[in-house]
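Architecture at a glance
Each chain is listed here by its residues.
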Amino acid sequence: MQVNQPSQREFFFNNEVISRFELYNSLFLTLPFYKIKDTGTLLPLFFKSCEEGVKDHKKPNELIQGFFNKYAQSNEERNVIDLLFRFIQYIERQVVLFDAVEDASFTKLNVSDEQSSLRALFLKANDNAELHQKIDDLIEEFSLRLVLTAHPTQFYPGPVLGIINDLTAAIKVNDITAINQLLQQLGKTPFFNKKSPTPVDEAFSLAWYLENVFYFAAANIQTNLNQLLSEYHIEPKKVIELGFWPGGDRDGNPNVHSETTLEVTRMLRQILFRCYYRDFRNIKRRITFRGVENSINDLQKILYENAFNISVKEEDISDYIIKNLNDILNVLNNDHGGLFANLVEDLLRKVELYRCYFASLDIRQDSRILRKVHQYCRSQKPINSLYSEHYDELSETEKLAALSFRNAKIIFEGEQDNLIKDTLSTIAELKDIQNRNGEKACNRFIISNCQQASDILQLMELFLWSGWEAEQLTIDFVPLFETVNDLAGAGEIMQKLYTHPFYKKHLALRNGKQHIMLGFSDSTKDGGYLMANWSIFTAKVALTKVSEEHNIQLAFFDGRGGPPSRGGGKTHRFYASMGKEIANKNIQLTIQGQTISSQYGSVDSAAFNIEQLINAGISSGVKSKHNVLLDEDNYNVLNAMAKDSYEAYIALRNDPLFLPYLEALSPLSLLSKITISSRPVKRNSGEALKLDDLRAISFVTAWSQLKQNVPGFYGIGTALNIQEKSGNWDQVVKTYQQSGYFKTIIDNGIMSMSKSDFEITAYLAKDETFGKFWKKLHHEFELSKKMLLKLTGHASLMENYPVEKRSIAIREKIILPLVLIQHYALEKLQHELSEEKQQAYEKLAIRTVYGIVNAGRNLA
């Protein structure tokens, strides 16, 4: 029997990552913390007890009580809870250490494929004038926009992120003294806030990545790209854009107000100018020769004032800074042999990228709220004279005909509720933000849950009633289609907008470009993993077609989360496999939660992932291949599988135990008590829990905590099994082998399953209440595993990604005790307890959530 030899990458991972982790982990035993020796001695025994208990299908309560009876000095309840808390604290720091060790090895473990790089593409074009022109044209239109969002799964506060950053640097050079000191610092640094952050706090926390990672990584990539383009006589083009949601996203978050939006734009501006000033000081130290004094002095004054003077008059001065930097650059090149020109060029590149705003702040609100605002305004003078009081009862066609698009100053009477007041205030202040920081500082309004063309057009009227002129409406209106039904109707909605005279005129003013956002998270919650991905694929095809028919340049904005169930996973492979039938020249996606720290947590990892996405988008555009999923046989098999998986998932969702199972066995009901987010766990937070109100992120997090990851695979096994029984298996295999898009869907589903472990909850098979429901979940998992292994031809899940598979296995092993402690605490909470014990077990369960998500890196 042939044994596969480990690859060089696997060998490196085993020797550099695993060996280093084991070595540095032993340092914890010497740290001078409360009872650390006791904790460090007992934790390996607890790990072993957990592994053995899971194999024997023991209940968490039985397992933990057995451990304390055998090893601990006291099994008194208070002492049990105390030691379990210390285990959690220890494991949390083990997760951080493993993150740092893995990140320190990032550049060696992740080498770009030279064959698919942009340079390789340009080399092919050397003797091919047609290909060269194609690349030239594509570069002119191509852009990548990364949008940081404040979804509550990024648990590390700024001080801990700083420690991780420094720890990673120390591990790179094996600086044992620094590592030891940093581990001590880590042990003494609180991981979490005592109270929930405000939206501004969230923005400040997320801005850490802008200041310490993206400021450098994006500029480095842009510099390298400009150099490559100049080598091939192509005009340099700004490709990378950054977006930001904290402070602008008020969908379902009543804590975001117009004042919040203003404060966040000011904060982003000030942080950016402090970055500029930091770079400028280095320039000033080096450029001490004659001929540049005036420009240096001017820049010194203006950068310092905007960085540190909170009373400075804010205005868009980016062109003025660029002019002065170019003046300095000309003097250096002409009179001083280009000495230190590279420092000036570096700052110049950054100012060209980030201007005066750093990242564009998006505004987002739910269509149902916006309808209420429009309804309220129609009740006020003089708008009430323009509309029938029965407007809301009109059909969509009648509403489109009734809209007037007249400018008006509303005379408000009576009290406005907070949401109406915030919406109107925000619309009015966007003009001020653009005047101070530039148009791109805040020029997109995203309409969540967009279900009809009037949702967009009514919002545009709100702008006309708030001081905006139609000819100067420098806002892109972005519909967000999320549910399976909304995705199916998206093409028809855009057809109505593209043919509407007022909207058509507006798009012409916006250079004929339309942004459309598609939500992966809610579509998965709504229809299951396979149907969500298929619905988004078919929606993109339909939307591209209708946009091309109207000569509209379409930019898809993908609302992707961390895990495959929320659009994450091997993201760049999706973009590389789009095909010419899907608009792909403007890649836009959200990065959120643990995806930010795991894929963009360091300059190295951020640069690598940015480059991967750029390479994927440009190479896909150049190849311009037909997407084979649109061939009749392939299309029919995917369509049938999506429907079958949808029916299986909906049957599960409709099971009366679906929500009770999650509420009883996962920390879902406790997520609102976690102090990491300003956003409620569900919409309509004062009412009883309903699945429709539950946020997708909470939904996915709950399943990941259970180690069952249902949203990331459920229904795939059933769909594949039906195809096999129908005699259609050969076609499924053919589709899988031909379609990179379908293969990526499958690979990401397998990744989701690799982070599942039904052995942990196997004891539930005998549970009187949930036994049958657990067996249903487990059966679909095993069926999916069997069918996916048959489809891929592999012997085990993620066999083709051995390093990633090993990394997941180690992380899952580290946090196994956390999962069991969580189940233990949740089981205790099912009984009558004193208030003190109730709070203690709630805190115990809540605390485990952090470590489990952090270890998963893209679990939520």
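One can find the structure itself at the top, above this paragraph.
Rules of the game
Residues numbered from 1 in each chain as written. Predicted model: local features only at pLDDT ≥ 70, side-chain atom pairs only at ≥ 80, totals over all residues. Heavy atoms only, no water. Buried < 20%, exposed > 50% of the residue type's maximum accessible area, 1.4 Å probe, protein only. Helix = DSSP H or I, 4+ residues; strand = E, 2+ residues; numbered from the N terminus. Pairing = 2+ DSSP bridges. Axes fitted to C-alpha atoms, helices over the stretch in contact; angles between N-to-C directions. Phe/Tyr/Trp six-rings, centres within 6.5 Å; stacked < 30°, edge-to-face > 60°. Lys NZ or Arg CZ within 6 Å of the ring centre and 35° of its normal. Salt bridge = Lys/Arg side-chain N within 4 Å of Asp/Glu carboxyl O.

Before going further, it helps to spend a moment on the pairing of strand β8 (residues 586-592). When you tally the buried positions in β8, you get 7 out of 7 residues, the bulk of the element. Residues Asn586, Gln588, Thr590 and Gln592 of β8 are buried on one face, and the alternating residues Ile587, Leu589 and Ile591, pointing to the opposite face, are buried as well. In terms of strand pairing, strand β1 (residues 143-149) meets β8 through 7 bridges, oriented parallel. Opposite Leu148, over in β8, you have Ile591 as the bridge partner.

Read around the barrel, 8 strands follow the order β1-β2-β3-β4-β5-β6-β7-β8 and close on themselves; strand pairing throughout is parallel. Strand-to-strand, the axes of this sheet are offset by a mean angle of 25°, without reference to chain direction.

What follows covers the packing of aromatic side chains. Tallied over the full model, the rule gives 44 aromatic pairs. Centre to centre, the rings of Phe463 and Trp468 are 5.6 Å apart; their planes meet at 65°, and the pair counts as edge-to-face. Across the pair, exposure class does not vary: Phe463 and Trp468 are buried alike. A ring pair is formed by Trp534 and Phe537, whose centres lie 5.3 Å apart and whose planes are at 20°; its orientation type is stacked. In this pair, Trp534 and Phe537 are both assigned in helix α23 (residues 529-549), 3 residues apart and thus about one turn of the helix distant. Phe537 carries the same exposure label as Trp534, and that label is buried. Put simply, the rings of Tyr215, Phe216, Phe273, Tyr276, Tyr354 and Phe358 pair up and form one aromatic cluster. Lying over the aromatic face of Tyr736, Lys743 brings its terminal NZ or CZ to 5.2 Å of the ring centre.

This paragraph deals with the pattern of salt bridges. Following the criterion strictly, the structure yields 36 salt bridges and no others. Here Arg145 and Asp362 are joined by a salt bridge, their closest N and O atoms 3.5 Å apart. Taken as a pair, Arg145 in strand β1 and Asp362 in strand β3 (residues 360-366) lie far apart in primary sequence, 217 residues in all. The residues Arg145 and Asp362 share a single accessibility class, namely buried. We note a salt bridge from Glu724 to Lys790, for which the minimum N-O separation is 2.1 Å. Here Glu724, found in helix α30 (residues 716-725), pairs with Lys790, found in helix α33 (residues 771-792); they are 66 residues apart in sequence, far enough to count as distant.

On their own, these measurements won't tell you what the molecule is for.
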